[in-house]
Amino acid sequence: MRIGIAGITGRVGQLLIEEVRAAGATVAGGTTRAPEQATGLAAEVPLFTSMSALAEKCDVVIDFTHADTVVSSARALVGTGVAWVLGTTGLSAEQLGALQEASGHMTVVHAANFSPGVTLVQRLARMMGQALPAETYDAEIVEMHHRQKVDAPSGTALAIGQAVALGRGVALEDVRESGRDGLTGPRQMGAIGFAALRGGQIVGEHDVLFTSADEQITLSHRSFNRRIYATGAVRAALWTKGREAGLYNMEDVLGLPLL
């Protein structure tokens, strides 16, 4: 299988090259804005400055680039027969629309986090959101990442919150509470709270807490190495072979039954 990597010169791009080769697949090339500045493993593979050029050389593209590229990438890939594994978070309504539109013509796997462990945490968070009434169980999500991270809450934290909201049958934007400070008043019933911590070089930590007056249940996930994201993305890329057009996620890749 020929796998292309968007943003191949980035930190995750280098790991993806290693994981693609470890899986026995071929690194068909990657995109970068400055091919002449490529170093390390990225300098050893074909480099392109456009998604359309990369699509001509591969069967699937793994894409961890910025949300701003999603619309243009969708347009470049539709009609090429190439599958798209997208790990970009923080998508706007327009970008989500472009993704949905593209999935009507091609195989798309979109996930905020490609870790199998995080995928299972999301699944369990949804089940707990459904089973534990919002009137008696307060849902809070705490995440911590390295000091260089620029967005908060993390895309993974929001995806977990979305899973809780889905289980409760509500829209996350209607019940989300983030970054409480000052005289906020009592906690709103049914709220899904978020707290973001930053420090050091922590890869990623996420805790989901359901707390009532009588008990607390906590789901925790710790990432020790960014490689887990690359490994999961390559697994998703290999999974796309022979799939029909549609929008899939990591639960589909792991073969989890529908809820």
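The paragraphs below set out a description of the structure included in this document. Everything numeric in this text was worked out from a predicted model, so none of it was measured.

## A look at the overall build of the chain
At step 1: Of the regular secondary structure elements, the chain holds nine helices and twelve strands.
At step 2: Here the chain has a C-alpha radius of gyration of 19 Å; the compact-globule value for 259 residues is 18 Å, and the two agree.
At step 3: In terms of its C-alpha atoms, the chain occupies a principal-axis envelope of roughly 60 × 40 × 30 Å.
At step 4: Within the span of the chain, comprising 259 residues, buried residues form 47% of the whole.
At step 5: Only carbon and sulfur atoms are counted for the fraction: they give 52% of the accessible area of the chain, which is about 12600 Å².
At step 6: Side-chain charges of the chain comprise 21 positive and 26 negative groups, with the mean position of each set lying 6 Å from the other.

## As for the sheet that holds strand 5 (residues 83-86)
One key point about sheets: their strands pair by backbone hydrogen bonds, in either a parallel or an antiparallel sense.
At step 1: The strand order 3-2-1-4-5-6-12 describes an open sheet built from seven strands, whose pairing is parallel. Across the chains shown, the open sheet's two edge strands, defined by having one partner strand only, are strand 3 (47-48) and strand 12 (246-248).
At step 2: The sheet contact formed by strand 1 (residues 2-6) and strand 4 (residues 60-63) spans four bridges and is parallel. Bridged to I5 within strand 4 is I62.
At step 3: Helix-sheet contacts for helix 8 (residues 227-239) involve strand 1, strand 4, strand 5, strand 6 (107-110) and strand 12, and the interaxial angle to strand 4 is about 155°.

## Overview of the pairing of strand 4
At step 1: Going residue by residue along strand 4, you find V60 and I62 tucked away on one face and V61 and D63 tucked away on the opposite face as well.
At step 2: Taken together, the four bridges between strand 4 and strand 5 define a ladder with parallel strand orientation. Looking across to strand 5, one finds that V60 is bridged to A83.
At step 3: A crossover links strand 4 with its parallel partner strand 5, the connecting element being helix 3 (residues 70-77), and its sense is right-handed.

## A short note on the packing of helix 1 (residues 11-22) against helix 8
At step 1: Their axes nearest at 9 Å, the elements helix 1 and helix 8 cross at an angle of 50°. Between helix 1 and helix 8, the angle is such that the two are oblique. Judged by the sense of rotation from one axis to the other, the crossing of helix 1 with helix 8 is right-handed. Residues L15, L16, E18, E19 and V20 of helix 1 lie in contact with helix 8, whose contacting residues are R227, A230, T231, A233 and V234.
At step 2: Residues that form the contact of helix 1 with helix 8 fall into these classes: six nonpolar, one polar and three charged.

## Regarding the pattern of salt bridges
At step 1: Scanning the model with the defined rule gives 13 salt bridges in all.
At step 2: The partner of R198 in a salt bridge is E143, with the nearest N and O atoms 2.7 Å apart. Of this pair, R198 sits in strand 9 (residues 192-198) while E143 sits in strand 7 (residues 138-145), and the two are 55 residues apart along the sequence.
At step 3: Taking the shortest distance from any N to any O, the salt bridge between D207 and R222 comes out at 3.1 Å. With a gap of 15 residues between them, D207 in strand 10 (residues 204-211) and R222 in strand 11 (residues 216-223) connect regions that are remote in the sequence.

## Points about helix 3
At step 1: V70, V71, S73, A74 and L77 are the residues of helix 3 that are buried. For helix 3, the buried positions fall inside an angular range of 165° around the axis, keeping them on one side.
At step 2: Its buried side turned inward, helix 3 meets helix 2 (51-55), strand 4, strand 5 and helix 4 (93-103).
At step 3: Looking at the residues trailing helix 3, positive phi occurs at G79, about 90°.

How each quantity is defined
The numbering scheme is per chain: residues are counted from 1 as the chain's sequence reads. A pLDDT threshold of at least 70 governs which residues receive local features in this predicted model, and a stricter bar of 80 or more applies before side-chain atom pairs are shown or counted, although totals over entire chains, interfaces and linings include all residues. Values reported for side chains reflect all heavy atoms of the structure, with hydrogen atoms and water molecules removed beforehand. In this text, helices come from DSSP runs of H or I with a minimum length of four residues, and strands from runs of E with a minimum of two, each type numbered from the N-terminal end. Each radius of gyration reported is based on C-alpha atoms, and the globular scaling rule is 2.2 Å times the count of residues to the power 0.38. Remark: exposure states derive from per-residue accessible area (1.4 Å probe, protein chains only) relative to the maximum for the residue type, with buried under 20%, exposed over 50%, and partly exposed in between. Accessible surface is estimated by sampling points in the Shrake-Rupley manner with a 1.4 Å probe; for residues, cover comes only from the protein chains shown. As used throughout, the charge tally considers Lys and Arg to be positive and Asp and Glu to be negative, leaving His and the chain termini uncounted. One atom stands in for each charge, and that atom is NZ of Lys, CZ of Arg, CG of Asp or CD of Glu. Criterion used throughout: strands pair if DSSP finds at least two bridges between them. Note on contacts: a residue pair qualifies if any of its non-hydrogen atoms lie within 4.5 Å across the two residues. In this analysis, axes come from line fits to C-alpha atoms, helices being fitted only over the stretch in contact, and the angle between any two N-to-C directions falls in the range 0 to 180 degrees. A crossover gets the label right-handed when its path from the first strand over the helix to the second runs clockwise, viewed with the strands pointing away from the viewer. To sort the angles, those under 35 degrees are grouped as roughly parallel, those over 145 as roughly antiparallel, those from 65 to 115 as roughly perpendicular, and the leftovers as oblique. Crossing handedness follows the turn of the near helix against the far one: under a right angle anticlockwise gives a left-handed crossing, and clockwise gives a right-handed one. Under the convention adopted here, Pro, Cys and the residues Ala, Val, Leu, Ile, Met, Phe, Trp and Tyr are nonpolar, Asp, Glu, Lys and Arg are charged, and Gly plus all remaining residues are polar. Here a salt bridge means any side-chain nitrogen of Lys or Arg lying within 4 Å of a carboxyl oxygen belonging to Asp or Glu. Arc, as used here, means the arc of the directions from the helix axis to the C-beta atoms.

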